[in-house]
Amino acid sequence: MPKDLAGAILLLLVAAGYYALAGGINPSALDDGVGAAGIPVIYAALVAAMGLALAARVAAARWLGRAAPRLADAESRRLLGAAVMLGIGVAYVAVVTFLGYPLAIAGVLAGAALYQGERPGWRLVRIALGGSATFWLFFDGALRLDMPSGFWPALWCG
């Protein structure tokens, strides 16, 4: 199986999983016409569109009887960067209900900072925890959105 076709299938599976997880998002007090799940559903649709475009590229190359064009190094790096950020987002969705929003978003911030070149150390810890606290205070405190708390309340409340 060509790598591009395998990538297209992987993108479609990620989009389907993300769409399924987005369907479980509870309505918010701030809901509008789009709703709380609107952006995740749009994100899933965009990932599916990328998968379909990649599959169409493979199909067109086979139909025309020639190999799909190779990506230039700069395009490959951008594609890898997008895949890394997508992976961080998928990991966040996978763990947010278990770990809770503050720890999960701290992981996202740390992962993104590491990918952008930040070195492990106290500065990275400050970035992750400070950003996490800021997002938590904004979404849970100021906007009164019920962010996932994870397994922590069960530890403290019995």
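These lines cover the structure that appears in this document, whether it is placed above or below.

Here is what the cut-offs are and how they apply
- Residues numbered from 1 in each chain as written.
- Predicted model: local features only at pLDDT ≥ 70, side-chain atom pairs only at ≥ 80, totals over all residues.
- Heavy atoms only, no water.
- Helix = DSSP H or I, 4+ residues; strand = E, 2+ residues; numbered from the N terminus.
- Buried < 20%, exposed > 50% of the residue type's maximum accessible area, 1.4 Å probe, protein only.
- Contact = heavy atoms within 4.5 Å.
- Areas by Shrake-Rupley, 256 points an atom, 1.4 Å probe, with all protein chains shown as cover.
- Axes fitted to C-alpha atoms, helices over the stretch in contact; angles between N-to-C directions.
- Parallel < 35°, antiparallel > 145°, perpendicular 65-115°, else oblique.
- Left-handed = near helix turned anticlockwise from the far one by under 90°.
- Expected span 1.5 Å × (residues − 1).
- Phe/Tyr/Trp six-rings, centres within 6.5 Å; stacked < 30°, edge-to-face > 60°.

Helix and strand counts for the chain come out as six helices and zero strands. Element order for the chain, N to C, with α for helix and β for strand: α-α-α-α-α-α. Taking all 158 residues of the chain together, 22% fall into the buried category. Here the analysis covers contacts within the chain between residues at least 6 apart in sequence; of these, 60% occur between residues at least 24 apart. If you sum the accessible surface of the chain, you get close to 10,800 Å²; carbon and sulfur atoms cover 69% of it.

Helix 5 (residues 122–142) packs onto helix 4 (residues 101–115) with a crossing angle of 135° between their chain directions and a minimal axis gap of 8 Å. It follows from the interaxial angle that helix 4 and helix 5 lie oblique. The handedness of the crossing between helix 4 and helix 5 comes out as right-handed. Within the contact between the two elements, helix 4 uses Y101, P102, L103, I105, A106, L109, A110, A113 and L114 and helix 5 uses L124, I127, A128, G131, S132, F135, W136 and F139.

Moving on, we come to helix 2 (residues 38–64). The end-to-end C-alpha separation of helix 2 is 38 Å, in line with the 39 Å expected for 27 residues at 1.5 Å each. Along helix 2, the residues that are buried comprise G38, P40, A44, V47, G51, L54, V58 and A61. Two residues or fewer past helix 2, G65 is found with a positive phi of approximately 80°.

Quick look at the packing of aromatic side chains now. Taken as a whole and judged by the stated rule, the model has six aromatic pairs. An angle of 65° between the planes, with centres 4.7 Å apart, marks the rings of Y18 and Y43 as edge-to-face. Placement of the pair is Y18 in helix 1 (residues 3–22) and Y43 in helix 2, with a sequence separation of 25 residues. Note on Y18: relative accessible area 16%, which makes it buried. Feature note: the residues Y101, F135, W136, F138 and F139 constitute an aromatic cluster, connected by ring pairs.

Turning to its location among the elements, L103 is positioned in helix 4. Considering only alpha carbons, one finds L103 and W136, 33 residues apart in sequence, at a separation of 10.0 Å. Leave out the neighbours within four places in its chain, and L103 touches S132 and W152.

Bear in mind that shape data such as this cannot, by itself, settle questions of function.
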